[in-house]
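# Structure assessment
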Amino acid sequence: MRRAEIGMAVVLGLFSLYLMYMSQIPPLEIGWVPKKGPGAGAFPFWLSLGMLICCIAIAIRGLLGKTPQSRSSDVFMDRQTMTNVGITVAAIFMMLLLTHFIGAYFAMFLFFAFYLGVVGKHKLPTTFAVSLLFPTAVFFLFESGMKILLPKGYAEPLFIPLYKLFVY
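As the structure is a computational prediction, the values presented were derived from the model and not from experiment. (Residues numbered from 1 in each chain as written. Predicted model: local features only at pLDDT ≥ 70, side-chain atom pairs only at ≥ 80, totals over all residues. Heavy atoms only, no water.)

A count of helices and strands for the protein chain gives five helices and two strands. Counting from the amino terminus, helix and strand elements in the protein chain follow one another as α-β-β-α-α-α-α. The C-alpha radius of gyration of the protein chain comes to 21 Å, more than 25% above the 15 Å expected for a compact globule of 168 residues. Looking at the 168 residues of the protein chain, the share that counts as buried comes to 26%. A separation of at least 24 residues holds for 51% of the contacts in the protein chain among residues at least 6 apart in sequence. If the 13 positive side-chain charges of the protein chain are averaged to one point and the 6 negative ones to another, these points end up 4 Å apart. (Helix = DSSP H or I, 4+ residues; strand = E, 2+ residues; numbered from the N terminus. Rg over C-alpha atoms; globule rule 2.2 N^0.38 Å. Buried < 20%, exposed > 50% of the residue type's maximum accessible area, 1.4 Å probe, protein only. Contact = heavy atoms within 4.5 Å. Lys, Arg positive; Asp, Glu negative; His and termini not counted. Charge placed at Lys NZ, Arg CZ, Asp CG, Glu CD.)

Next comes the structure, spelled out in structure tokens:
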């Protein structure tokens, strides 16, 4: 557990440094752009800096033995945990693969239906409600609110009536 805690803090800290570097290279800016506001790289830079600070704190606490995990000699992941992680990774991979053919929203629906119903063993009404409502909310947030189009695959004609609900 201790090695996993410190190791993940180091890996995520290095990833934070990479993101900080990438968020400031041209054409991105992390400073204030006159008459526009913060540059496109400002939010990723400051978020990455916050993550780096947290990673440093986690690593220091782990090295000093301040957390229960840093004092534990338990195995980081047992067989059941590895199985659950494998199922999750496979389900996410299938969702991404299906996105190309049936679109992001239907792929999300199938992912939630599988994950909540099969893996989580939730009741059918809960599984169906979440599987339907979450992709619908994401659709209206991205397509209408932020004007970011997500892939719809072969299901795109089904979305045309929904576009009439948007006010531009």
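Further remarks concern the state of the cysteines. For the structure shown, the criterion picks out zero disulfides. Counting only cysteine sulfurs, Cys-55 is the nearest neighbor of Cys-54, a cysteine outside any disulfide, at a range of 7.0 Å. Using a relative accessible area of 48% as the deciding quantity, one classes Cys-54 as partly exposed. (Disulfide = S-S within 2.5 Å.)

Bringing the nonpolar core into the picture now. Judged by nonpolar contacts, the single largest core of 13 residues is most densely connected at Met-95, Tyr-105, Met-108, Phe-111 and Phe-159. Going through the elements one at a time, helix 3 (79-119) and helix 4 (124-145) are the ones with two or more residues in this core. With nine residues, helix 3 is the single largest residue contributor to this core. (Core = buried A, V, L, I, M, F, W, Y, C linked by side-chain atoms within 4.5 Å.)

Along the chain, Ile-30 falls in the loop between helix 1 (2-22) and strand 1 (32-33). In sequence terms Ile-30 and Phe-43 are 13 residues apart; their C-alpha atoms lie 7.7 Å from each other. Setting aside anything within four residues of it in sequence, one finds Ile-30 in contact with Ser-23, Gln-24, Gly-41, Ala-42, Phe-45 and Trp-46.

Here we come to the packing of aromatic side chains. The description of an aromatic ring pair uses the distance of the two centres, along with the angle that the planes make with each other. A complete count under the given rule lists 11 aromatic pairs for this structure. Ring centres 6.3 Å apart and planes at 25 degrees place the aromatic pair Phe-15 and Tyr-18 in the stacked group. Of this pair, Phe-15 and Tyr-18 both sit in helix 1, three residues apart, which is roughly one turn of the helix. Judged by relative accessible area, which is 42%, Phe-15 ranks as partly exposed. When its relative accessible area of 44% is taken as the criterion, Tyr-18 is described as partly exposed. Their ring planes at 65 degrees and their centres at 5.7 Å tell us that Phe-111 and Phe-112 sit as a pair that is edge-to-face. Phe-112 shares its class with Phe-111; the two are buried. Within the aromatic cluster, the residues linked to one another by ring pairs are Tyr-105, Phe-106, Phe-139, Phe-140 and Phe-159. One cation-aromatic arrangement involves Lys-152 over Phe-159; the distance from NZ or CZ to the ring centre is 5.9 Å. (Phe/Tyr/Trp six-rings, centres within 6.5 Å; stacked < 30°, edge-to-face > 60°. Lys NZ or Arg CZ within 6 Å of the ring centre and 35° of its normal.)

Before going further, it helps to examine the environment of Ala-107. Within the element layout of this structure, Ala-107 appears in helix 3. Relative accessible area serves as the criterion here: at 1%, Ala-107 is assigned to the buried category. Along the backbone, Ala-107 and Ala-4 are 103 residues apart, and their C-alpha atoms lie at a distance of 32 Å. Aside from chain neighbours lying at most four places away, what touches Ala-107 is Met-95, Leu-98, Thr-99 and Ile-102.

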